[in-house]
Amino acid sequence: MPENYFDERIAATYETKWPEIFEPAVVDPAVSFLAELARSGTALELGIGTGRLALPLSRRGIRVHGIELSPAMAEHLQAKPGADSIGVTIGDFATATVSGTFGLAYLVRNTIMNLTTQGGQVDCFRNVAAHLDPGGYFVIEVIVPALQRLPPGETVRAFTVTPRHLGFDEYDIAAQRLTSHHFWVVNGELETFSAPFRYVWPAELDLMAQLAGLTLRERWSGWDREPFTSDSTSHISVWQKSGG
Ligand SMILES: C[S@@+](CC[C@H](N)C(=O)[O-])C[C@H]1O[C@@H](n2cnc3c(N)ncnc32)[C@H](O)[C@@H]1O
């Protein structure tokens, strides 16, 4: 089982540590994009967290189920209004099984990178394929690794710099991994959080999808279907299972 970095300390402060991702301008286009693809009315969220997208998706009439490694994140979800219509399975989304199949599976906010081995990421695609209806979709939102923006010889890149939050990615190129370091100033005190990730290229994700029997259908740089270009810093990719 992968290590759980989202303990009670992080779960209790998730919304205040990353307030920008709860902005309607961020949430609404993502929910609209996902609702459009959840044609059968069912969706599986991998790493559902505290329900940032699952709750509004559920309010649009989609039956959402989540897989979540962190009991603390799941408890904070379950304490929110509307959570009684969302089922949660505690486990690793690379291997956990849930009964039934879904029209849509989705994995947002770089969470595919929480699986820190190539084998784990491949397993995740295979697990998703096993949980999709024929013709069902798998959506991933993840960064494009920022190596083009890393000066030669440097290993550390700032990804956020604000008066209350500093974030740095520390790249290990040989291992295709990075460690994200966060520092927040909260009421004059310093709070920190570091976690390891395996960064992954769009083409490698396409190969993992192919191994799992999924085909790339769409790739965008944002939830409003902005074009994906050589300058894009992240992507939203949609693969489809055959049949249906
Ligand atoms: C960055 S948060 C995203 C939460 C939510 N999807 C959102 O958009 O706000 C990543 C979540 O994935 C969960 N997670 C990480 N690795 C996991 C794994 N292997 N299996 C299941 N959940 C995992 C974490 O516990 C955390 O709740």
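What counts and how
Residues numbered from 1 in each chain as written. Predicted model: local features only at pLDDT ≥ 70, side-chain atom pairs only at ≥ 80, totals over all residues. Heavy atoms only, no water. Core = buried A, V, L, I, M, F, W, Y, C linked by side-chain atoms within 4.5 Å. Buried < 20%, exposed > 50% of the residue type's maximum accessible area, 1.4 Å probe, protein only. Helix = DSSP H or I, 4+ residues; strand = E, 2+ residues; numbered from the N terminus. Domains from an automatic or database assignment. Near = heavy atom within 4 Å. Polar contact = N/O pair within 3.5 Å; in protein donor to acceptor, adjacent residues only side chain to side chain. Nonpolar A, V, L, I, M, F, W, Y, C, P; charged D, E, K, R; others polar. Pairing = 2+ DSSP bridges. Axes fitted to C-alpha atoms, helices over the stretch in contact; angles between N-to-C directions. Contact = heavy atoms within 4.5 Å. Phe/Tyr/Trp six-rings, centres within 6.5 Å; stacked < 30°, edge-to-face > 60°. Lys, Arg positive; Asp, Glu negative; His and termini not counted. Salt bridge = Lys/Arg side-chain N within 4 Å of Asp/Glu carboxyl O. Parallel < 35°, antiparallel > 145°, perpendicular 65-115°, else oblique. Left-handed = near helix turned anticlockwise from the far one by under 90°.

Asks: An account of the nonpolar core is requested, with residue identities and associated values reported.
Replies: One finds Ile112, Phe125 and Phe138 to be the most contacted residues of the largest nonpolar core, which totals 45 residues. The greatest single-element share of this core, amounting to five residues, is contributed by helix H5 (residues 118-130). Each of domain 1 (8-145 + 200-241) and domain 2 (147-194) accounts for three or more of the residues forming this core.

Asks: Hey, could you go over the site of the ligand for me, with residue numbers and the actual values?
Replies: Taken together, 20 residues sit near the ligand, with Tyr14, Glu45, Gly47, Glu68 and Asp92 positioned nearest. The separation between an oxygen atom of the ligand and a polar side-chain atom of Glu68 is 2.5 Å. Here the shell around the ligand is composed, by residue class, of nine nonpolar, six polar and five charged.

Asks: Which residues make up the sheet that holds strand S1 (residues 42-46), and what are the values?
Replies: Pairing is mixed in the open sheet, where seven strands are placed in the order S3-S2-S1-S4-S5-S11-S10. Looking at which strands have only one partner, the edges of the open sheet turn out to be strand S3 (87-90) and strand S10 (214-220). Strand-to-strand twist in this sheet, taken as the mean axis angle between neighbours without regard to direction, amounts to 20°. Note: strand S5 (residues 132-143) against strand S11 (residues 234-241), seven bridges, orientation antiparallel. Looking across to S11, one finds that Val139 is bridged to Val238. Its contacts with the sheet place H5 against S1, strand S4 (102-107), S5, S10 and S11, and it is angled at close to 145° to S5.

Asks: Give me the lowdown on the sheet that holds strand S9 (residues 189-197), citing residues and values where you can.
Replies: For sheets, the rule is that strands pair by backbone hydrogen bonds, running either parallel or antiparallel. Reading across from one edge, S6-S7-S8-S9 is the order of the four strands in this open sheet, with antiparallel pairing throughout. Whereas interior strands pair on both sides, the edge strands pair on one side only; in this sheet they are strand S6 (156-162) and S9. Taking each pair of neighbouring strands and ignoring which way they run, the sheet shows an average axis angle of 15°. One ladder, built from eight bridges, connects strand S7 (residues 165-172) with strand S8 (residues 177-186); its direction is antiparallel. Bridge pairing in S8 links Asp172 to Arg177.

Asks: Got a sec to walk through the packing of aromatic side chains? Specific residues and values, please.
Replies: A full pass over the atoms with the stated rule returns 12 aromatic pairs. An angle of 85° between the planes, with centres 5.8 Å apart, marks the rings of Tyr14 and Phe22 as edge-to-face. Judged by its relative accessible area of 8%, Tyr14 is buried. For Phe22, a relative accessible area of 22% gives the class partly exposed.

Asks: Account for the side chain of Arg52, with residues named and values stated.
Replies: Checked against the element boundaries, Arg52 lands in the loop between S1 and helix H3 (54-59). As a buried residue without a salt bridge, Arg52 has its nearest oppositely charged side chain in Glu141, at a separation of 4.6 Å. Among the polar contacts made by the side chain of Arg52, one reaches the main-chain carbonyl oxygen of Ile21 at a distance of 2.9 Å. With residues up to four places along the chain from it excluded, the contact list for Arg52 reads Ile21, Phe22, Val26, Val27, Val108 and Arg109.

Asks: Help me get a handle on the packing of helix H1 (residues 8-17) against helix H4 (residues 71-78), residues and values and all.
Replies: Working note: a packed helix pair is described by the angle between its axes plus the distance between those axes. Running from N to C, H1 and H4 cross one another at 40°; their axes reach a closest spacing of 8 Å. Taken together, the axes of H1 and H4 are oblique relative to one another. Considering only the axes of H1 and H4, their crossing is right-handed. Counting all contacts with H1, which are made through Glu8, Ala11, Ala12 and Tyr14, the residues of H4 involved are Ala72, Met73 and His76. Taken together, the residues that form the contact of H1 with H4 break down as five nonpolar, one polar and one charged.

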